[in-house]
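Residue strings, one per chain:
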Amino acid sequence: MTESPVEVNTVLVPVDGSDESVRAIEYAVDVAERYEADVHALYVLGEGMSRAIETGTVDEDDVIDETESFIESARAVADDAGVVLRNSIAYGFSTRRKLQHPGSAVLDCADEIDADFLVIPREPLSGEPGEVLEKAAEYVLLYASQPVLSV
């Protein structure tokens, strides 16, 4: 195999539970498999859920339990390809941090985990848009220092 011009050790894929997120997981796993890299799935919570947690309307542990089912299905895709998948959760919005945005949450995570490549779902051309990440995709495409695949 010839040496690749890009070295990829960690592929970050932000998800929000949408169908577009499932597709992004599949692409991220394919990229990771190609480069013998790991995948990190960042579950980004939407504005309504973030506010509900911050105000105590919803218990954070219940939200974590709900997101785990999505992450487990993502882990199954990664396991089938022999790719290691790690995960974390981030608030896409905050009532306390003025500049908290789904795009900034994604880029902050990319820096924290030292991601080499990002796969981000985009709003579909027709039908229902992604829940959270449609607001992040353009921001990430504009400001990421890593290569980005928008799917």
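That block above? That's the structure.
We now turn to the structure provided with this report. (Residues numbered from 1 in each chain as written. Predicted model: local features only at pLDDT ≥ 70, side-chain atom pairs only at ≥ 80, totals over all residues. Heavy atoms only, no water.)

Topic: the overall build of the chain
Secondary structure summary: the chain contains five helices and five strands in total. Considering the chain as a whole, with its 151 residues, one finds that 44% of them fall into the buried category. Partitioning the intrachain contacts of the chain with sequence separation of at least 6 by distance along the chain shows that 77% fall at a separation of at least 24. As displayed, the chain offers around 8300 Å² of accessible surface, 46% of which is attributable to carbon and sulfur atoms. (Helix = DSSP H or I, 4+ residues; strand = E, 2+ residues; numbered from the N terminus. Buried < 20%, exposed > 50% of the residue type's maximum accessible area, 1.4 Å probe, protein only. Contact = heavy atoms within 4.5 Å. Areas by Shrake-Rupley, 256 points an atom, 1.4 Å probe, with all protein chains shown as cover.)

Looking at the packing of aromatic side chains
Using the criterion set out here, one finds two aromatic pairs in the structure. Ring centres of Tyr43 and Phe70 lie 5.9 Å apart, and the angle between their planes is 75 degrees; on these two criteria the pair is classed as edge-to-face. Here Tyr43 is found in strand 2 (residues 38-45), whereas its partner Phe70 is found in helix 3 (residues 60-81), with 27 residues between them in sequence. Classification of Tyr43 by relative accessible area gives buried; the value is 12%. (Phe/Tyr/Trp six-rings, centres within 6.5 Å; stacked < 30°, edge-to-face > 60°.)

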